[in-house]
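An overview of the molecular structure
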Amino acid sequence: MEALAVRLSQLDSQAGGAIRVVMFYDTLMRRRVDLPALARASASLAECVAGIRLHGTGQPIRYAPDGHPANGTLHPPSTSSPILLDDEEIGTVWLERPDTPRTLDDLLLDRLAIAAAAVVERYGPARTTMADPALVELAISADSDEAARARALRLLGFPPDLRLHVAAVHSPLPLDQVGTSICPARPVKAAPLAGVGAILATTLDPARFPPGVRAGLSTAPGPGRAWREARTALRFTTPRQPIVRYDDLGVVALLADVPEDAIRDNADVTAIAALAETPDDLETLDAYCTTGSLRRAADLLHLHHSSVARRIDQLGKTLGVDLTQPAGLTRARLALNAWRLLHT
C-alpha cells in the first residue's frame, strides 16, 4: 500500500488528484483490507493523522503518516465524514490536519467512508448481530494464533483485550433474535458453527434468554477458553435447567473429560440408562436431584410430597442407593449428569 501511495503521488496533483484518490481506495477495497489497514493507508495518502470510529464500539482507530498508531492526544478533526450503511450512520472518519484542509480532503474522506462501510458490511454490519461465521470461528478457535484472534475481534467490533461473555447455544429461534434479546445494548455478534450457535457479547443477561433456548455460558479469560467452557456447559443443560454457567458446574465439569466408554461402563450410569426407559421415573429423579428436596420436587412435578417420597424410595431401591442421604443424592446427581453427556 505504501508503494501504491508513492506511485500515485507522482501524478499531477491537480489534474490527476481526484483520479488518484479514487484509484487508491478502489485498490484497497479489492484487497479486502481491515479497518486499521484502511486508516493507516489513508494517513499515508493524506500525510496527516487519519481516524475511524464505529458507533458500535466507540474505539477510535488512528494512524499517523509514518504508519504507526497515533496513540497521543486526540486532536479535533480538521475534516470529517459520516460512515453510512443502508442509509444509517454507523460511524465517522476524519483527518487531523494541523493546518488548513487541502483541496482533496473532502473527496478522500468520502472514499474512506465508503471503504469503511464496505469493510463493516463484509464482516457483519456494526449494528447488527449476525457475523461472518469464519470470522467468529477465528476469534474463538483454540487453534488461532493471538495476532489472528486479535484481528478477528477488531473486525467484529470488540477490543482484543476485553473479556467477553461467550455463549454456546441450541435454539429453535434465529440467533440474531437470541443475541439482541440477551444483549439489547450491544455490541453482540452471533454465528452458527457446526451445529452450535456462538454468541459473543460485552455483557449479557442470562434471564433474557427466550423460552426453548439452551445455552452454556462462560466469561473465562480468552475467547478460545471461554468457547470451550461454554460448549461444555451446554452439554449439561436440561429442559429444567436450560441455561448453565460453566463456573456453576464446579467439579462436575470434569465429567466432560471422562472417556465415553468409562462412563458407559459405570454401574450407576447403566442403572440410570435403564431407568430412562420409564420417562416418569426419570423426570421424578431429575426433579429431586435438581432441588434436593422432596417438597420442592413435588412442587415441580405438581404432586403431593408423600407421592414423591414413595417414588424416590422405590427409585433408590432400583438404583441401589439411599437417595435420602447426601452421599446417595450426590451419586445420583453425578450418574444423571454423566448419562446425559452420552447423549450430547
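See the structure shown above.
Values in this document were obtained by computation on a predicted structure and should not be read as measured data.

Another point: the overall build of the protein. Secondary structure assignment for the protein yields 15 helices and nine strands. Relative to the globule expectation of 20 Å for 344 residues, the C-alpha radius of gyration of the protein, 28 Å, shows a markedly less compact shape. Projected onto its principal axes, the C-alpha coordinates of the protein cover approximately 95 × 35 × 30 Å. By the burial criterion, 47% of the 344 residues in the protein qualify as buried.

Moving on: unusual backbone geometry. Notably, Glu47 is not glycine yet its phi reads approximately 65°, a positive angle. Assignment of secondary structure puts Glu47 in the loop between helix 3 (35–46) and strand 1 (49–54). At His302, a position not held by glycine, the phi torsion is positive, near 60°. Looking at where His302 falls in the secondary structure, it is placed in the loop between helix 13 (294–301) and helix 14 (305–319). Looking at His302, the relative accessible area reads 71%, which means it is exposed.

Across the sheet, four strands lie side by side as 2-1-4-3; this open sheet has antiparallel pairing. Where the open sheet ends on each side, the last strands, each with one partner, are strand 2 (60–63) and strand 3 (79–85). Sheet twist, expressed as the average angle between the axes of neighbouring strands with direction ignored, equals 20°. Direction of pairing for strand 3 relative to strand 4 (residues 88–96): antiparallel, over a ladder of seven bridges. When the bridges of strand 4 are listed, Ser81 appears paired with Val93.

Applying the stated rule across the entire model yields one aromatic pair. Arranged with centres 5.3 Å apart and planes meeting at 85°, the rings of Phe24 and Tyr25 form a pair that is edge-to-face. Of the two residues, Phe24 and Tyr25, neither departs from the other in class, the shared state being buried. Between the NZ or CZ atom of Arg40 and the centre of the ring of Tyr63, over which it lies, the distance is 5.4 Å.

Now for the nonpolar core. Of all hydrophobic cores here, the largest spans 55 residues; its most connected members are Tyr25, Leu38, Ile83 and Val136. When residues in this core are grouped by element, the largest group, nine residues, is from helix 4 (residues 105–122). Residues within four places of Val136 in sequence aside, it is in contact with Ala131, Leu156, Ala191, Leu193, Ala198 and Leu200.

Tracing the backbone shows His170 in strand 5 (residues 165–170). In the structure, His170 is positioned 28 residues away from Ala198 in sequence and 9.2 Å away in space, judged by C-alpha atoms. The contact partners of His170, leaving out residues within four places of it in the chain, are Gly195, Val196, Gly212, Val213, Arg214 and Leu234.

Moving on, we get to the side chain of Arg340. The residue Arg340 is located in helix 15 (residues 326–341) in this model. On the basis of relative accessibility, which here comes to 17%, the residue Arg340 falls in the buried class. At 2.5 Å, the side chain of Arg340 and the side chain of Asp286 are in polar contact. Contacts of Arg340, omitting those with residues within four sequence positions, involve Thr238 and Asp286.

So, about the packing of helix 3 against helix 4. In contact at an axis separation of 10 Å, helix 3 and helix 4 are set at 170° when each is read in the N-to-C sense. If you check the angle between helix 3 and helix 4, you find them roughly antiparallel. The handedness of the crossing between helix 3 and helix 4 is right-handed. Facing helix 3, whose interface residues are Leu35, Leu38, Ser42, Leu45 and Ala46, helix 4 presents Leu108, Leu112, Ala115, Ala116, Val119 and Val120. Taken together, the residues of the contact of helix 3 with helix 4 break down into ten nonpolar, one polar and no charged.

Take helix 4 next. Quick reminder: α-helices carry 3.6 residues per turn. Residues three or four places apart thus point the same way. In this model, helix 4 (18 residues) spans 25 Å end to end at C-alpha, consistent with the 26 Å of a helix rising 1.5 Å per residue. Those residues of helix 4 not exposed but buried are Asp105, Leu108, Leu109, Arg111, Leu112, Ala113, Ala115, Ala116, Ala117, Ala118, Val119 and Val120. Residues of helix 4 that are buried make contact with helix 2 (17–30), helix 3, strand 1, strand 3, strand 4 and helix 6 (146–156).

With that out of the way, let us pick up the environment of Ala273. Here Ala273 is to be found in helix 11 (residues 267–275). Residue class for Ala273 comes out partly exposed when judged on its relative accessible area of 34%. On a C-alpha basis, the gap between Ala273 and Ala335 in space is 9.5 Å, while along the polypeptide they are 62 residues apart.

To continue, consider the environment of Pro69. Mapped onto the elements of the fold, Pro69 is located in the loop between strand 2 and strand 3. Since its relative accessible area comes to 43%, Pro69 is described here as partly exposed. The sequence separation of Pro69 and Leu319 amounts to 250 residues, and the corresponding C-alpha distance is 65 Å. In this structure Pro69 touches Arg62 and Tyr63, once residues within four positions along its chain are discounted.

Conventions we followed
Residues numbered from 1 in each chain as written. Predicted model: local features only at pLDDT ≥ 70, side-chain atom pairs only at ≥ 80, totals over all residues. Heavy atoms only, no water. Helix = DSSP H or I, 4+ residues; strand = E, 2+ residues; numbered from the N terminus. Rg over C-alpha atoms; globule rule 2.2 N^0.38 Å. Buried < 20%, exposed > 50% of the residue type's maximum accessible area, 1.4 Å probe, protein only. Pairing = 2+ DSSP bridges. Axes fitted to C-alpha atoms, helices over the stretch in contact; angles between N-to-C directions. Phe/Tyr/Trp six-rings, centres within 6.5 Å; stacked < 30°, edge-to-face > 60°. Lys NZ or Arg CZ within 6 Å of the ring centre and 35° of its normal. Core = buried A, V, L, I, M, F, W, Y, C linked by side-chain atoms within 4.5 Å. Contact = heavy atoms within 4.5 Å. Polar contact = N/O pair within 3.5 Å; in protein donor to acceptor, adjacent residues only side chain to side chain. Parallel < 35°, antiparallel > 145°, perpendicular 65-115°, else oblique. Left-handed = near helix turned anticlockwise from the far one by under 90°. Nonpolar A, V, L, I, M, F, W, Y, C, P; charged D, E, K, R; others polar. Expected span 1.5 Å × (residues − 1).

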